[in-house]
Amino acid sequence: MVDALPQDITRLLRLWNAGNAEALEGLTPLVYRELHRLAVRYMGRERPNHTLQATGLVNEVFVRLIDWQNVQWQNRSHFFGVSAQVMRRILVDYARSRLYAKRGGKARPVSLDEVPPLDNNLTDLLAVDMALSRLAALDPRTAQVVELRYFGGLSVEETAEVLKVSSITVIRNWNLAKVWLLRELYGEQKA
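Computed from a prediction, not measured in an experiment: that's the story for all the values here. (Residues numbered from 1 in each chain as written. Predicted model: local features only at pLDDT ≥ 70, side-chain atom pairs only at ≥ 80, totals over all residues. Heavy atoms only, no water.)

1. Description of the packing of helix H2 (residues 21-43) against helix H3 (residues 54-66)
And step 1. The N-to-C vectors of H2 and H3 enclose an angle of 135 degrees; their axes lie 9 Å apart at closest approach. In terms of their interaxial angle, H2 and H3 are classed as oblique. In this structure, H2 crosses over H3, and the sense of that crossing is right-handed. Residues Leu24, Thr28, Val31, Tyr32, Leu35, His36, Ala39, Val40 and Met43 of H2 lie in contact with H3, whose contacting residues are Ala54, Thr55, Leu57, Val58, Asn59, Val61, Phe62 and Ile66.
And step 2. Class assignment of the residues belonging to the contact of H2 with H3 gives a composition of 13 nonpolar, four polar and no charged. (Axes fitted to C-alpha atoms, helices over the stretch in contact; angles between N-to-C directions. Helix = DSSP H or I, 4+ residues; strand = E, 2+ residues; numbered from the N terminus. Parallel < 35°, antiparallel > 145°, perpendicular 65-115°, else oblique. Left-handed = near helix turned anticlockwise from the far one by under 90°. Contact = heavy atoms within 4.5 Å. Nonpolar A, V, L, I, M, F, W, Y, C, P; charged D, E, K, R; others polar.)

Rendered as structure tokens:
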């Protein structure tokens, strides 16, 4: 089957918004396939023995998104931008629950100073999430760029479309975010 064009997904999202159940039936295989590609790409950055698989991640994202009643999907990029946020939340919640279980139910906050260099473990994901939350407090759009590009796998152009800014602005925010996150995660000496 040929991949759907972005405008096909946008058209089906709008029909679904209008209450057309058949649109959801047509939309489901298209967005599921794209969400799976995003999850595979993201999970490829995780440690090899990660117990959460791409299919499980995309199923959870899909189930959560399907239940959203009051979202007015604007277009394909908006849908996948929101999907990136949901994917991030699922992965962070998963990491927290795994750390909590590893510590025998005795979870404790992890400061950014305690986090070792990123090597795809649960603490690292939580550290990135904490740093990204701090960035969001200082510069929400730059944090959204990271979320959409890193967690959502969106291109510069797709991110620009979701945020309604230019591609140059996305690139500038992306570069700023990388430097800021490196400084937060590794300290001044490596940034």
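2. A short note on the confidence of the model for the protein
And step 1. Per-residue pLDDT for the protein averages 76, and the proportion of residues at 70 or more is 75%.
And step 2. Throughout residues 106-120 the model reports pLDDT below 50, and contacts reaching past four residues in sequence, or to other chains, amount to 31 contacts. (pLDDT = per-residue confidence, 0-100.)

3. Here's the deal with the packing of aromatic side chains
And step 1. For the structure shown, the criterion picks out two aromatic pairs.
And step 2. Aromatic side chains tryptophan 73 and phenylalanine 79 sit 4.9 Å apart centroid to centroid with 65 degrees between the ring planes, which places their arrangement in the edge-to-face category.
And step 3. When its relative accessible area of 3% is taken as the criterion, tryptophan 73 is described as buried.
And step 4. Since its relative accessible area comes to 3%, phenylalanine 79 is described here as buried. (Phe/Tyr/Trp six-rings, centres within 6.5 Å; stacked < 30°, edge-to-face > 60°. Buried < 20%, exposed > 50% of the residue type's maximum accessible area, 1.4 Å probe, protein only.)

4. Quick notes on the side chain of threonine 142
And step 1. Structurally, the position occupied by threonine 142 is in helix H6 (residues 140-151).
And step 2. Judged by its relative accessible area of 0%, threonine 142 falls in the buried class.
And step 3. Discounting chain neighbours no more than four positions away, the residues touching threonine 142 are Leu135, Asn173, Leu176 and Ala177.

5. Describing the environment of serine 155
And step 1. By the element assignment, serine 155 lies in the loop between H6 and helix H7 (156-163).
And step 2. Taking relative accessible area as the criterion, serine 155 reaches 26% and is therefore assigned partly exposed.

6. Considering the side chain of threonine 159
And step 1. Structurally, threonine 159 is set in helix H7.
And step 2. Threonine 159 sits in the buried class, given a relative accessible area of 0%.
And step 3. Aside from chain neighbours lying at most four places away, what touches threonine 159 is Val145, Leu148, Arg149, Leu154 and Val170.

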